[in-house]
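An overview of the molecular structure
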Amino acid sequence: MAAAWRRKAILLGAALLAVLIFVAAIVASLQRKPQHEAPVVADLMVSDSSAAAPTALASEPPPAEVPAPAESGSGGIAPVTVSVPKLAYTYRLGFRLPGHRLAEVQEAHRALCLRMGPSRCQLLAMSRSAEGEAQAPARLTLRVASIEAKAFSDRLTGIVAGSGGKTMATSVTAEDVSKAIVDAEARIRQRELLVARLTEILRTRRGTVGELVEAERSVAEAQEELDQTKGWLTELRGRVAMSEFEIGYSQAEAPKAETVREGPSILDALGGSAGGFLMTLRIVLLILIYLAPWLLIVVPIALWVRRAARRKRDSETVAATADA
C-alpha cells in the first residue's frame, strides 16, 4: 500500500510540474507577441507614408528646410547650409560698326565661339543680309557656358572696339528656375514610384483582367509623362549651365559729303530770264482770263454811251448853224 501511494504521489507531482511548465510557456509567448507585432505595424505605417509622399510632393511645393543648430567639435554652432538659387542668364548686346566691317566682326564672333568648342559655346542662329553696297542689320544668337559668360562678353566687346565700332546697348537678365527644377524632380520621383508599382502588379498578375488592362494603360501614360518631365528637367539644367547671348549689329551712318557751289554762269542767267518771262506771261494770261467776262459787258456799254454823246454833239452843232 505504501508503495502504491508513493507511486501515485510521484505521478501527481509530475502532472503538476507539466501543467506549470505549460502555463509558463503560454505566458512567455504572450509576452513576446507584442514585440513581434510592433515592427509589422511600423512597416505598414512607413509604407503608407511612402505611398502618400509623392502625391504631396506633386501638389504642394517642398517645405523650406530649417536646419537645426548642431554643436561642432569645438563647442560652437555649425554653419547653416544655404542652397544657391538656380538662375538662367540672358545677355543682350548691341554694336554699331562701319558698313564694311560689319560682316567681318560678325564672322570673328562666330569663329570665337567655334574655337571654344560645343561644350562651352554653341551657335543657335545667325542672320545677315545685304542691300546693294550697304549692309542691313545682322544678328547672332549663341549659348555660352555660364561660368565663362562674363569673360566671353568682354571678348566680344574687345573685337568690336578693335574694328572701329562701339557698344550701343548691354543688358543682362536672370530667371530663377529653382522651383521649376524642384517640382520636376518631385514629379519624376512620383512617376517612377507609380510605374514601379504598376509594373509589379502586371508582373505578379494580381487582379482581374480589367484591372490588369487598366494598369497596363496607366503604366504607358505614366511612362510617357515621366519621359516628358525628364526632358523638361534636362532643359532647365541646360539653361542654368549655358547662358544665352543675343547679339545685334547695326551699320554706322557715313558722313555726308559737302557739295561745292559754283558761281552763276551764262546758261544759268538765260535759264533765269526765260523762267521770269514765262512767269510774267502766265500772270498776264491769268489776268485776261479773269477780266474777259467783264470786258464783254463793259465795252458794249462804253461804245453805246460814246455814240450817244457824239449824236447829241452833232445835233447841237446843226442847231447852232441853223440859228446863224
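The rules we used
Residues numbered from 1 in each chain as written. Predicted model: local features only at pLDDT ≥ 70, side-chain atom pairs only at ≥ 80, totals over all residues. Heavy atoms only, no water. Axes fitted to C-alpha atoms, helices over the stretch in contact; angles between N-to-C directions. Helix = DSSP H or I, 4+ residues; strand = E, 2+ residues; numbered from the N terminus. Parallel < 35°, antiparallel > 145°, perpendicular 65-115°, else oblique. Left-handed = near helix turned anticlockwise from the far one by under 90°. Nonpolar A, V, L, I, M, F, W, Y, C, P; charged D, E, K, R; others polar. Contact = heavy atoms within 4.5 Å. Phe/Tyr/Trp six-rings, centres within 6.5 Å; stacked < 30°, edge-to-face > 60°. Buried < 20%, exposed > 50% of the residue type's maximum accessible area, 1.4 Å probe, protein only.

A short note on the packing of helix α4 (residues 178–204) against helix α5 (residues 209–241)
For the pair α4 and α5, interaxial distance at closest approach is 8 Å and the crossing angle is 155°. Our classification of the angle between α4 and α5 gives roughly antiparallel. Considering only the axes of α4 and α5, their crossing is left-handed. Along the lines of polarity and charge, the residues of the contact of α4 with α5 split into 18 nonpolar, 4 polar and 8 charged.

Some points on the packing of helix α2 (residues 102–116) against helix α3 (residues 149–162)
Relative to each other, α2 and α3 sit at 150°, their axes nearing to 10 Å. Relative to α3, the element α2 is oriented roughly antiparallel. As α2 packs across α3, the resulting crossing turns out to be right-handed. Two secondary-structure elements touch here, α2 through Val105, Ala108, His109, Leu112 and Met116 and α3 through Phe152, Arg155, Leu156, Ile159 and Val160. Of the residues in the contact of α2 with α3, the class split is 8 nonpolar, 1 polar and 1 charged.

A word on the packing of aromatic side chains
Taken as a whole and judged by the stated rule, the model has 3 aromatic pairs. For the ring pair tyrosine 91 and phenylalanine 245, a centre distance of 4.6 Å and an interplane angle of 5° mean the geometry is stacked. Within this pair, whereas tyrosine 91 is found in strand β1 (residues 87–97), its partner phenylalanine 245 is found in strand β7 (residues 242–251), the two being separated by 154 residues in sequence. Taken as a pair, tyrosine 91 and phenylalanine 245 share a single burial class, namely buried. Ring centres of phenylalanine 95 and tyrosine 249 lie 6.2 Å apart, and the angle between their planes is 40°; this geometry places the pair in the tilted category. A residue pair is termed long-range when its members are at least 10 positions apart, and phenylalanine 95 in strand β1 and tyrosine 249 in strand β7 qualify at 154 residues. Given the relative accessible area of 2%, tyrosine 249 is considered buried. In this structure an aromatic cluster arises from ring pairing among Tyr91, Phe152 and Phe245.

Read these as layout, nothing more, since geometry by itself doesn't imply function.
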